[in-house]
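# Residue-level structure breakdown
So you can see what is in the structure, the chains are spelled out below.
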Amino acid sequence: MASNKFRIILWSVGILLLIFLGFFLYQLTQAESVNSVMTLLMLVLGLILGGVIAFLASKKLTADPAVVKESSHTVAESMRKVFKIVSAEGHFNEIYNYEESSKIFNFIPSKKKALVIIQAKVLVGYDFEKFKWQIDEQNRTVKLVDFPAPEIISTETDYKYYNIEEQFFNLFSKDDLAKVQQNGKQQVIEAAKKSHLPEVAAEQMRTLLTELLAGKNFVLENPAKIAETKNLIDYRKMNGSQ
């Protein structure tokens, strides 16, 4: 709509330019001195130039949209079967303040800092491949021999930067921003570790195993084994996969 209105204005300007051009051409034929002729010529050239500019502007507005070409190549590095169950989900808002001080030429102090709001979703669960148990078919019981600590299955993070301050000789680089995000993510992990997520995950897993075995007429002999690791999170697995 705005483009159409602007186009009408350009056409109106063009018509007015033609009218003025005809008027000055008439004056040119009636001029009696060289100075008046030169003045009229300059005015005519100015009007012609204005018309050309208006024409080019109109063409620019009606130009075809830019053509965008995109391409991508996806390579699957590896795939394998896993049996992991998410039994707890936590949402965190972390306020992370990053500040770095240095000295230019070893004596001019320089500082850069950034305030980052991190919104994260942390999924905690168990890897069934790490479970070890003994099955007593005769008594229809299952005994947990080794039950792992819950681990972070995945973390989804979103970063919003506020109040970024930097100086001309001390700007944020891509590596700096990557370090800020990594440090902020680590703060979220520490918050998840101190939260009730492991406890919730352990309770959910105890309920799940009890109900699954009950459906097969089996009894979980030592469910308390699950609660032994309810306040722990296996970070070794997470650090190897994140």
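For the structure itself, look to the data block above.
All values derive from a computational prediction rather than experimental measurement.

## Brief notes about helix H3 (residues 174–194)
Three- or four-residue spacings in an α-helix give side chains the same orientation, since the helix completes a turn every 3.6 residues. The first and last C-alpha atoms of H3 sit 31 Å apart over 21 residues, in line with the 30 Å expected at 1.5 Å per residue. All of the buried residues in H3 are Asp-176, Val-180, Gly-184, Lys-185, Val-188, Ile-189 and Ala-192.

## What about the pairing of strand S4 (residues 141–146)?
Inspection of the sheet shows strand S3 (residues 132–136) paired to S4 by five bridges, in the antiparallel sense. Across the sheet, residue Lys-132 finds its bridge partner in S4, namely Asp-146. The loop that links S3 with its antiparallel partner S4 comprises four residues; one of these, Arg-140, has a positive phi angle of about 55°. Relative to strand S6 (residues 219–220), S4 runs parallel, the two being bridged by two bridges. Paired with Val-142 across the bridge in S6 is Leu-220.

## Let's talk about the environment of Phe-147
Within the element layout of this structure, Phe-147 appears in the loop between S4 and strand S5 (151–165). In sequence terms Phe-147 and Asp-127 are 20 residues apart; their C-alpha atoms lie 9.9 Å from each other.

## A short note on unusual backbone geometry
Of note, Arg-140 is a non-glycine position whose phi angle comes to about 55°, a positive value. You can see Arg-140 is positioned in the loop between S3 and S4. In this structure, Asn-217 is a non-glycine residue whose phi angle is positive, near 65°. For Asn-217, the position within the fold is in the loop between helix H4 (197–215) and S6.

## Topic: the pattern of salt bridges
Evaluated as defined, the whole model comprises seven salt bridges. In this structure, the salt-bridge partner of Glu-156 is Lys-121, at a minimum N-O distance of 3.7 Å. Taken as a pair, Glu-156 in strand S5 and Lys-121 in strand S2 (residues 108–127) lie far apart in primary sequence, 35 residues in all. Assessed through its relative accessible area of 24%, Lys-121 is described here as partly exposed. Connected through salt bridges with shared partners, the residues Lys-84, Lys-130 and Glu-151 form a single ionic network.

Conventions we followed
- Residues numbered from 1 in each chain as written.
- Predicted model: local features only at pLDDT ≥ 70, side-chain atom pairs only at ≥ 80, totals over all residues.
- Heavy atoms only, no water.
- Helix = DSSP H or I, 4+ residues; strand = E, 2+ residues; numbered from the N terminus.
- Expected span 1.5 Å × (residues − 1).
- Buried < 20%, exposed > 50% of the residue type's maximum accessible area, 1.4 Å probe, protein only.
- Pairing = 2+ DSSP bridges.
- Salt bridge = Lys/Arg side-chain N within 4 Å of Asp/Glu carboxyl O.

Just distances and angles here, no functional claims.
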